[in-house]
Amino acid sequence: VYSFEVFKRKIQDELRIVERAAWDDFDQNALDEYFFKLKKAKPNLARQSNEKILQLQGLTDQGKPTVAGIMLLGEYPQAFFPQLSITAMVVAGTEIGDLGERGERFVDNQRIEGTIPQMLEETMAFIRRNMRVATVINGDGKRADQPEYPPVAAREIVLNALIHRDYSIHTDSSPIRVILYQDRMEVENPGGLYGRITIDELGKAAADTRNPFIAGGLEVLMGTENRFSGIPTIIHEMEKAGLPPAVFESRRGTFK
């Protein structure tokens, strides 16, 4: 019900003021990098003061950091939102509860914290560390390493979860989950599909954006395209690798 109301009334949860946060909770190095990249990419905006830039870009409000600001440029976002993080797990079998040879529940298990860019890179390091890699002989007779999952597709899936998750008060206690099973990888984020798009239209039509200021900030910081190309890229990479197509599910306020 709340997700429907958010879209209908254009509520922007990413712009919530973080009452406990202050200006010095921003990471100064991250701020410097952000201003450098933004002023290079947006010369008209560059004429404004740094304080006004942050306000116009949704990263501060009334001089205080917003959720978007803390999650993109905070020194330690989890000081304010401990569960706005990623839990990454490797399961020995094909279901949660399957045990390994030594009775271990998880082969690897890590809580990943930091800003959105930091969590993306740390999660990709976790996935690369735990992916199986096969050695194959290509058409030229040369040996080549082939990872279990296309790294580009995996990165797009994790980035999609970080950008489009629900950042409302209703999901402050819900982390993103990344689980590597023996036969698949699952990424699940709080917040089902947003707006008018349906599962069948994913990758075929432009979607409404739940968190446009976070998406815009990442476009500045990381050069992410923000052109609705993530899902098509995932589909293409899976097909190119000769793997079954990705399966997308949206139910009970989560997207998997």
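As shown above, the structure is provided for reference.
Read on for a plain summary of the structure. A quick note: this is a predicted structure, and the numbers were derived from the prediction, not measured.

Here we look at the pairing of strand β7 (residues 176-180)
Right, on to step 1. Across the 5 residues that make up β7, a large majority, 4, are buried.
Right, on to step 2. Sheet topology note: the strand β3 (residues 86-91)/β7 ladder contains 5 bridges and is parallel. Residue pairing for β7: Thr87 is matched across the bridge by Arg177.
Right, on to step 3. Where β7 lies against strand β8 (residues 185-190), 4 bridges are found, and the strand directions are antiparallel. Each residue of the ladder has a partner; that of Leu180, found in β8, is Met185.

Here's the deal with the packing of aromatic side chains
Right, on to step 1. Taken as a whole and judged by the stated rule, the model has 3 aromatic pairs.
Right, on to step 2. Judged by centre distance (5.6 Å) and plane angle (85°), the rings of Trp23 and Phe26 are edge-to-face.
Right, on to step 3. Of the residues examined, Trp23 reaches a relative accessible area of 34% and is grouped as partly exposed.
Right, on to step 4. The buried category is assigned to Phe26, whose relative accessible area is 4%.
Right, on to step 5. Ring geometry for Phe248 against Phe255: centres 6.2 Å apart, planes inclined by 20°, an arrangement best described as stacked.
Right, on to step 6. A relative accessible area of 18% places Phe248 in the buried class.
Right, on to step 7. The exposure class assigned to Phe255 is buried, which follows from its relative accessible area of 9%.
Right, on to step 8. Geometry around Tyr181 places Arg184 over its ring, the cationic atom sitting 3.9 Å from the centre.

A few points about the sheet that holds β3
Right, on to step 1. In space, the 6 strands of this open sheet follow the order β4-β3-β7-β8-β10-β9, with mixed pairing throughout. Of all the strands in the sheet, just β4 (106-112) and β9 (250-251) have a single pairing partner and so form its edges.
Right, on to step 2. Across the sheet, helix α6 (residues 116-130) lies against β3, β4, β7 and β8, angled at about 170° from β4, the strand it touches most.
Right, on to step 3. Relative to β8, helix α7 (residues 151-164) is tilted by about 15°, and along the sheet it contacts β3, β7, β8 and β10 (254-255).

Procedures and definitions
Residues numbered from 1 in each chain as written. Predicted model: local features only at pLDDT ≥ 70, side-chain atom pairs only at ≥ 80, totals over all residues. Heavy atoms only, no water. Buried < 20%, exposed > 50% of the residue type's maximum accessible area, 1.4 Å probe, protein only. Helix = DSSP H or I, 4+ residues; strand = E, 2+ residues; numbered from the N terminus. Pairing = 2+ DSSP bridges. Phe/Tyr/Trp six-rings, centres within 6.5 Å; stacked < 30°, edge-to-face > 60°. Lys NZ or Arg CZ within 6 Å of the ring centre and 35° of its normal. Contact = heavy atoms within 4.5 Å. Axes fitted to C-alpha atoms, helices over the stretch in contact; angles between N-to-C directions.

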